Amino acid sequence: ELLAGSPWLRPLATPGSGPLLRYPLAVAEPAQRAPLQAALRALGIEPGVWFDDVVHPSGSQRHGYLAGSCSHGEALAARIVNLPLGWHARLSTRQIDGLRRLARAVPAA
């Protein structure tokens, strides 16, 4: 609900898609990922590092993957940010308001 209508954050999970450990989002542009992660941390929300590389986890030496073999996967992985769920997602009013502001204001890439 906090992200509904965001011009730059696209939720990747859909209602009824099953249980999630993290809530995956895609930023509009790869250059927006690091500023969003920093802004989340400033709010006390720790973004997850999940599927941020075409072969997860990032830095796994990709097990023989050749760069460019899956251009769509690479493009999406460069835009992934994960929000916490469950017990880790108990947001304060300040965090809720901050997340709502982040969703509506497109940062400079």
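Look up: the structure comes first, before these words.
Residues numbered from 1 in each chain as written. Predicted model: local features only at pLDDT ≥ 70, side-chain atom pairs only at ≥ 80, totals over all residues. Heavy atoms only, no water.

Further remarks concern the side chain of Asn 82. Looking at the element boundaries, Asn 82 is found in strand β3 (residues 80-84). For Asn 82, a relative accessible area of 4% translates into the label buried. Here Trp 50 takes part through its backbone oxygen, which lies 2.9 Å from a polar atom of the side chain of Asn 82. Setting aside residues no more than four positions away along its own chain, Asn 82 makes contact with Arg 22, Tyr 23, Pro 24, Pro 47, Gly 48 and Trp 50. (Helix = DSSP H or I, 4+ residues; strand = E, 2+ residues; numbered from the N terminus. Buried < 20%, exposed > 50% of the residue type's maximum accessible area, 1.4 Å probe, protein only. Polar contact = N/O pair within 3.5 Å; in protein donor to acceptor, adjacent residues only side chain to side chain. Contact = heavy atoms within 4.5 Å.)

The next point concerns the layout of surface pockets. With a probe scaled to a water molecule rolled over the atoms, the places where space remains empty come into view. The calculated volume of the largest pocket comes to roughly 280 Å³. Taken together, 13 residues make up the lining of the largest pocket; nearest its centre are Leu 2, Leu 3, Tyr 23, Leu 83 and Leu 99. (1 Å grid on protein atoms, 1.4 Å probe; cavity = no way out; pocket = protein on both sides within 12 Å on 5 of 7 lines; lining within 4 Å. Points joined across faces, edges and corners; volume = space filled by probe spheres on them.)

Within β3, 5 of the 5 residues are buried, which leaves the element mostly enclosed by the surrounding structure. Covered by surrounding structure in β3 are Ile 80, Asn 82 and Pro 84 together with Val 81 and Leu 83, the residues of both alternating faces.

A separate point is the pattern of salt bridges. Going through the model one piece at a time under the given rule, you end up with 2 salt bridges. We note a salt bridge from Glu 46 to Arg 41, for which the minimum N-O separation is 3.2 Å. Owing to a relative accessible area of 41%, Arg 41 belongs among the partly exposed residues under this scheme. When the shortest N-O distance is used, the salt bridge between Arg 100 and Asp 97 registers 3.6 Å. Here Arg 100 pairs with Asp 97, and both are found in helix α3 (residues 93-104), just 3 residues apart, close to one helical turn. A relative accessible area of 36% places Arg 100 in the partly exposed class. The class of Asp 97 is partly exposed, set by a relative accessible area of 32%. (Salt bridge = Lys/Arg side-chain N within 4 Å of Asp/Glu carboxyl O.)

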